[in-house]
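# Descriptive analysis of the structure
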Amino acid sequence: MNGDLPRLRRTLGDPALTRLLAALARRIELGRPLTGPLVLSHPTPVELRAIRALLGSGRAGSGGSVTIPLDRVAATLADAGIAPDLQSAVEALAGPITPRARVAAAERAGRSAAADRLDAGRHAGTAWYEEWAKGLATDGTLTRLIRRDDLDLISAAVAVLDLIPAPGTPLPVIAERATGDTKALSGTPLASMTLRALALRSGTAPPRGAEAERALWESAGVIVDDLSSQVLVLGLPAHGDQPLAGWLTQAAARRTPFRITLHQLVTMPITPDATVVHVCENPSVLRAAVSTPVAAPLICTEGMPSAAASRLLRTLADAGTTIRWRGDFDWTGLRTTAVAIARYAAEPWRMSTADYEAALATGDSEPLRGAAAPSPWDPDLATRMHETGRAVMEERLIPLMLADLASSVP
């Protein structure tokens, strides 16, 4: 502003004129001219004195309201060399003010640009992706990004998701390919936005804490840490030239649970010696199987399969091993089973409607939570679960599962 800011603060910036200044700012925001009369209702004696001083007149009205001639205020400020015009004076005191119409137009343009970027994503049209995109628009995220002129964050998130799934790919590699910055997905707003989408993809709640974030990345095949990514096995012998094969064979002979890291699977390839392998979701099932003298190999995913679990299962499937899969009778369990069937040609293991009904009848259950999922191998299962609204954890089936493990040994 070309003028005298200290004098402006002493005149129009007088604390007694706060309501007048707010009314002028409001006019600018609404796109109305700062000319003609402005009526200030119920002025206090302090406000009246300040208005009279601003106008250089002892007559500024009284009673229920006061009418302020804005043209005269502007002329007074200009003639005194305080401010060239009334709008520059208001913005010098209140900060830049963008008219609402201009803000609205900018937001419309921003939403259109964001929609174009989201629609260009490889996963556009899938249910989880569309839910993620809708959420950005409805929870205020998109508005905040538009107002910060930061739509590039959406473009970057789309670029990351375009690389998903990425079996066996380290997180820094994904970040570099999508953004050119290897650290772009390490505790950043981009990481949070992407994990929000991955949670919808896997049908789980948004992650809380590093462990939950790691599991979610691994559900998309991304390696956060190839030492932390592990898979728990029991009774799975293997052969090969690397030490891991011998360790697994010795552990199998002793019925000792063994944790394999992703790093070991990558650096010490194995060929499992198994025609049939069963997969469970909960470690308590594998712990119960330890006491079974002779049983088929068992892999425990411990929830969503880790990158290590996915790599081991891929190795088994490629070798022609029959994979029998089960999880909890909840929506996540249905999702992981459907994925296992699609990826590894897995056979559902005690994951039928009849199994669910029998388990439901033998004890207490808990409410189903989260978004519903289909059960394409047995459509009636998902329908029945939706009807009852109850989930049954696989621990309920441990006696039956142990019997299956013993009887499936060749």
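Chains are numbered independently. Their residues run from 1 in the order of the written sequence. Given that the model is predicted, a residue must reach a pLDDT of at least 70 before its local features are reported, and side-chain atom pairs must reach 80 or more before they are shown or counted; all residues, however, enter totals for whole chains, interfaces and linings. Side-chain measures were taken over the full set of non-hydrogen atoms in the model, leaving aside hydrogen atoms and water.

### Structural notes on the environment of Ala 83
Counting from the N terminus, the helices are DSSP H or I runs at least four residues long and the strands are E runs at least two residues long. The topology assignment puts Ala 83 in the loop between α4 (70–79) and α5 (86–94). Accessible area is worked out with a 1.4 Å probe on protein chains only. A residue is then buried under 20% of its type maximum, exposed over 50%, and partly exposed in between. A relative accessible area of 2% means that Ala 83 is categorised as buried. For the pair Ala 83 and Leu 5, spaced 78 residues apart in sequence, the C-alpha to C-alpha distance is 7.9 Å.

### Brief notes about empty space enclosed by the protein
Cavities and pockets were defined on a 1 Å grid built over protein atoms only: a cavity is a set of grid points that admits a 1.4 Å probe from which the probe cannot escape, a pocket is an open set flanked by protein on both sides within 12 Å along at least five of seven lines, and lining residues are those with an atom within 4 Å of any such point. Grid points are joined across faces, edges and corners, and a volume is the space filled by probe spheres set on the points. Under the defined criterion, the tally for this structure stands at one cavity of 30 Å³ or more. Considered as a void within the structure, the largest cavity measures approximately 40 Å³ in volume. As for the largest cavity, its lining consists of Val 279, Cys 280, Glu 281, Thr 301, Gly 303, Trp 325, Arg 326 and Thr 336. Note on residue classes: Ala, Val, Leu, Ile, Met, Phe, Trp, Tyr, Cys and Pro are nonpolar, Asp, Glu, Lys and Arg are charged, and everything else, Gly too, is polar. Of the residues in the lining of the largest cavity, the class split is three nonpolar, three polar and two charged.

### A few points about the layout of surface pockets
The gaps of empty space that remain are located by a probe, the size of a water molecule, rolled over the atoms. Empty space within the largest pocket amounts to approximately 810 Å³. Listed by contribution, the elements that provide at least two residues to the lining of the largest pocket are α11 (189–202), α12 (210–219), α16 (307–318) and α17 (331–344). In terms of residue class, the lining of the largest pocket is built from 21 nonpolar, eight polar and eight charged. Surrounding the second largest pocket, 16 residues form its lining, Thr 204, Ala 205, Gly 303, Met 304 and Thr 332 being those nearest its centre. Examining the composition of the lining of the second largest pocket, we find that four residues originate from one element, α12, more than from any other. The residue makeup of the lining of the second largest pocket, split by class, is seven nonpolar, six polar and three charged.

### Brief notes about the sheet that holds strand β12 (residues 347–348)
The strands that make up a sheet pair up through hydrogen bonds in the backbone, lying either parallel or antiparallel. Paired strands are those between which DSSP finds at least two bridges. Reading across the sheet, the six strands line up as β7-β5-β10-β9-β11-β12 and stay open at both edges, with mixed pairing between neighbours. Where the open sheet ends on each side, the last strands, each with one partner, are β7 (258–261) and β12. Here strand β9 (residues 276–280) pairs with strand β11 (residues 322–325) via four bridges, running parallel. Bridge pairing links Val 279 to Trp 325 in β11. Note on definitions: a residue-residue contact is assigned when non-hydrogen atoms from the two residues lie within 4.5 Å. Fitting a line to C-alpha atoms yields each axis, with helices limited to the stretch in contact; the angle taken between N-to-C directions then spans 0 to 180 degrees. Here helix α13 (residues 243–253) sits on the sheet in contact with β5 (230–234) and β7, set at roughly 160° to β7.

### Examining the nonpolar core
Counting residues in each nonpolar core, the largest one holds 36 residues, and the members touching the most others are Trp 132, Ile 154 and Leu 185. For this core, the elements supplying multiple residues, two or more each, are α6 (100–119), α7 (127–138), α8 (141–147), α9 (152–162), α10 (171–179), α11 and α12. Non-local contacts of Ile 154, meaning those with residues more than four positions away in its chain, are made with Ala 114, Leu 118, Leu 142, Leu 145 and Met 193. To qualify as a nonpolar core, a set must consist of buried Ala, Val, Leu, Ile, Met, Phe, Trp, Tyr and Cys residues joined through side-chain atoms within 4.5 Å.

### Focus on the packing of aromatic side chains
We describe a pair of aromatic rings using the distance from one ring centre to the other and the angle between the two ring planes. For Phe, Tyr and Trp, where Trp contributes only its six-membered ring, two rings pair if their centres lie within 6.5 Å, and the inter-plane angle classes them as stacked under 30 degrees, edge-to-face over 60, or tilted in between. Within this structure, the stated rule accounts for three aromatic pairs. Between Trp 128 and Tyr 129 the ring centres are 5.8 Å apart and the planes differ by 80°, which places this aromatic pair in the edge-to-face class. Exposure class is identical for Trp 128 and Tyr 129. Each is buried. Ring geometry for Phe 329 versus Tyr 356: centroids 5.3 Å apart, planes at 65°, classification edge-to-face. Here the residue Phe 329 occupies a position in the loop between β11 and α17, and Tyr 356 occupies one in helix α18 (residues 353–360), the gap between them amounting to 27 residues. The residues Phe 329 and Tyr 356 share a single accessibility class, namely buried. Cluster of aromatic residues (ring-pair linked, three or more members): Trp 128, Tyr 129 and Trp 132. Counted as over-ring charges are cases with an Arg CZ or a Lys NZ within 6 Å of the ring centre that also lie within 35 degrees of the ring normal. A cation over an aromatic ring shows up here: Arg 326 above the ring of Phe 329, its NZ or CZ 4.9 Å from the ring centre.

### Considering the UniProt feature "domain: DUF2399" (unreviewed entry) in the protein chain
UniProt positions are given in the numbering used here, feature names are shortened, and annotations may be inferred rather than shown by experiment. Residues annotated by UniProt as "domain: DUF2399" (unreviewed entry) correspond here to residues 267–405. Taken as a whole, residues 267–405 contains 43% helix and 14% strand, while its terminal C-alpha atoms sit 30 Å from one another.

### Focus: unusual backbone geometry
Excluding glycine, most residues fall at negative phi; most peptide bonds, likewise, are trans. Ile 164 connects to Pro 165 through a cis peptide bond whose omega is -5°. Along the chain, Pro 165 turns up in the loop between α9 and β3 (169–170). Here Asp 149, not a glycine, exhibits a phi torsion of approximately 55°, which is positive. One can find Asp 149 in the loop between α8 and α9. The exposure class of Asp 149 is exposed, given its relative accessible area of 73%. Even without being glycine, Ala 345 reaches a positive phi, approximately 55°. Structurally, Ala 345 can be placed in the loop between α17 and β12.

### Digging into the packing of α6 against α9
In the contact formed by α6 and α9, the axes pass within 9 Å of each other and the chain directions differ by 10°. Relative to α9, α6 is oriented roughly parallel. Listed contacts from α9 to Ala 114, Arg 117 and Leu 118 of α6 are Asp 152, Ile 154, Ser 155 and Val 158. In the contact of α6 with α9, the residues fall into four nonpolar, one polar and two charged. Any angle between 65 and 115 degrees counts as roughly perpendicular, while under 35 counts as roughly parallel, over 145 as roughly antiparallel, and the rest as oblique.

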